Amino acid sequence: TKKNLVFAKGDNAEIAKKAGADFVGAEDMVQKIQTQNWFGFDVCVTTPDMMPVIGRIAKVLGPKGLMPNPKSGTVTNLADSTYLLPFFIFFFSLWF
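Residues numbered from 1 in each chain as written. Predicted model: local features only at pLDDT ≥ 70, side-chain atom pairs only at ≥ 80, totals over all residues. Heavy atoms only, no water.

**Observations regarding the overall build of the protein chain**
Link 1 in the chain: Counting secondary structure elements, the protein chain contains five helices and three strands.
Link 2 in the chain: Its helices and strands in sequence order give the protein chain the pattern β-α-β-α-β-α-α-α, from N to C terminus.
Link 3 in the chain: Residues classed as buried in the protein chain amount to 42% of the 96 residues present.
Link 4 in the chain: Contacts in the protein chain between residues far apart in sequence, at least 24 positions, make up 56% of those at least 6 positions apart.
Link 5 in the chain: Carbon and sulfur atoms provide 56% of the accessible area of the protein chain, an area that totals close to 5400 Å². (Helix = DSSP H or I, 4+ residues; strand = E, 2+ residues; numbered from the N terminus. Buried < 20%, exposed > 50% of the residue type's maximum accessible area, 1.4 Å probe, protein only. Contact = heavy atoms within 4.5 Å. Areas by Shrake-Rupley, 256 points an atom, 1.4 Å probe, with all protein chains shown as cover.)

What follows is the structure in structure tokens.
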């Protein structure tokens, strides 16, 4: 199965952990990607409030096809779609 990373903080991070995300973080994960060139994930999901933070690594994620975007459904408010999050994580881990 593919590994997924969820960029979220606060309640959204807790929701992602409970839903079974492989990696959950915020600025710490951005820092890890920037400094260590870490790509131990295949799918990246984020909340809208994290997009400005992720924008700092867009040039790194984009060419690899990992940059979240609303059209692909990888930018979502987890608190509003709690019941769908396990489905999203499962679907994206199989599909991408």
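So, next bit.
**Section: the pattern of salt bridges**
Link 1 in the chain: In the structure shown here, the tally under the stated rule is two salt bridges.
Link 2 in the chain: Salt-bridge contacts for Lys 9 lead to Glu 27; the nearest nitrogen and oxygen are separated by 3.7 Å. Of this pair, Lys 9 sits in the loop between strand S1 (4-7) and helix H1 (11-19) while Glu 27 sits in helix H2 (residues 27-36), and the two are 18 residues apart along the sequence.
Link 3 in the chain: On the basis of relative accessible area, Glu 27 is assigned to the partly exposed category, the value being 36%.
Link 4 in the chain: In this structure, the salt-bridge partner of Lys 17 is Glu 14, at a minimum N-O distance of 3.8 Å. You can see Lys 17 and its partner Glu 14 sitting in helix H1, three residues apart, about one turn around the helix. (Salt bridge = Lys/Arg side-chain N within 4 Å of Asp/Glu carboxyl O.)

**Examining the pairing of S1**
Link 1 in the chain: Neither face of S1 is left uncovered, since the one carrying Asn 4 and Val 6 and the one carrying Leu 5 and Phe 7 both have all their residues buried.
Link 2 in the chain: Relative to strand S3 (residues 43-46), S1 is paired through four bridges, and the arrangement is parallel. Bridge pairing in S3 places Val 6 opposite Val 45.
Link 3 in the chain: Direction of pairing for S1 relative to strand S2 (residues 23-25): parallel, over a ladder of three bridges. Bridge assignment links Leu 5 to a residue of S2, and that residue is Phe 23. (Pairing = 2+ DSSP bridges.)

**A word on the confidence of the model for the protein chain**
Link 1 in the chain: Residues of the protein chain with pLDDT of at least 70 account for 80%, and the chain-wide mean is 84.
Link 2 in the chain: When mean pLDDT is taken per element in the protein chain, H2 scores highest with 96 and helix H5 (residues 85-95) scores lowest with 57. (pLDDT = per-residue confidence, 0-100.)

**A closer look at the packing of aromatic side chains**
Link 1 in the chain: Overall, the coordinates contain three aromatic pairs when judged by the stated rule.
Link 2 in the chain: On the numbers, 5.0 Å between centres and 85 degrees between planes, the contact of Phe 23 with Trp 38 is edge-to-face. On the criterion of sequence distance, the pair formed by Phe 23 in strand S2 and Trp 38 in the loop between H2 and S3 is long-range, its members being 15 residues apart.
Link 3 in the chain: Judged by its relative accessible area of 24%, Phe 23 falls in the partly exposed class.
Link 4 in the chain: On the numbers, 5.3 Å between centres and 50 degrees between planes, the contact of Trp 38 with Phe 41 is tilted. (Phe/Tyr/Trp six-rings, centres within 6.5 Å; stacked < 30°, edge-to-face > 60°.)

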